[in-house]
Amino acid sequence: MAKVLLWVIVILAVILVMRVVAAQKLRQNQQTRNPQQGRAQTKRGKAEPMVRCEHCGVHLPRSQALMSDGHTWCSLEHAKHGPRK
């Protein structure tokens, strides 16, 4: 019975050590990945206002939208079709 108990303790100790090592590797990966993500976010700049296409209803950034006569469109073809009724 003592041998079984000893093996259970050894197996639990090995599992515990493996979990600690895996957690440390995960933290290292997150620390090396986060600075790169931070630089990418600063390159993008501030959030841009979104507008809705009058024809299909798709929301897109204002800089990518076509605007005419107070209406916004996602493409030239939708601007030609006009607003959906």
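Residues numbered from 1 in each chain as written. Predicted model: local features only at pLDDT ≥ 70, side-chain atom pairs only at ≥ 80, totals over all residues. Heavy atoms only, no water.

**Some points on the overall build of the protein**
Working step 1: Tallying secondary structure elements over the protein gives 2 helices and 4 strands in all.
Working step 2: Secondary structure of the protein in N-to-C order comes out as α-β-β-β-β-α.
Working step 3: A buried classification covers 12% of the 85 residues belonging to the protein.
Working step 4: Considering only intrachain contacts with a sequence separation of at least 6, the fraction spanning at least 24 residues in the protein is 15%.
Working step 5: Summing over all exposed atoms, the protein offers an accessible surface of approximately 7,700 Å²; the carbon and sulfur share of this is 59%. (Helix = DSSP H or I, 4+ residues; strand = E, 2+ residues; numbered from the N terminus. Buried < 20%, exposed > 50% of the residue type's maximum accessible area, 1.4 Å probe, protein only. Contact = heavy atoms within 4.5 Å. Areas by Shrake-Rupley, 256 points an atom, 1.4 Å probe, with all protein chains shown as cover.)

**With respect to the confidence of the model for the protein**
Working step 1: Scored by pLDDT, the protein comes out at a mean of 85, with 84% of its residues at no less than 70.
Working step 2: For the protein, per-element mean pLDDT is lowest for helix H1 (residues 2-44), which scores 81, and highest for strand E1 (residues 50-52), which scores 94. (pLDDT = per-residue confidence, 0-100.)

**A closer look at the environment of threonine 72**
Working step 1: Positionally, threonine 72 belongs in strand E4 (residues 71-73).
Working step 2: Take threonine 72: its relative accessible area is 12%, and that puts it in the buried class.
Working step 3: In the structure, threonine 72 is positioned 21 residues away from valine 51 in sequence and 7.0 Å away in space, judged by C-alpha atoms.
Working step 4: Apart from residues no more than four positions distant in its own chain, threonine 72 is found in contact with Val51, Arg52, Cys53, Glu54, Leu66 and Met67.
Working step 5: Of the polar contacts made by the side chain of threonine 72, one reaches the backbone oxygen of arginine 52; its length is 2.5 Å. (Polar contact = N/O pair within 3.5 Å; in protein donor to acceptor, adjacent residues only side chain to side chain.)

**Regarding the side chain of histidine 55**
Working step 1: Topologically, histidine 55 is positioned in the loop between E1 and strand E2 (59-61).
Working step 2: Setting aside anything within four residues of it in sequence, one finds histidine 55 in contact with Trp73, His78, His81, Gly82, Pro83 and Arg84.

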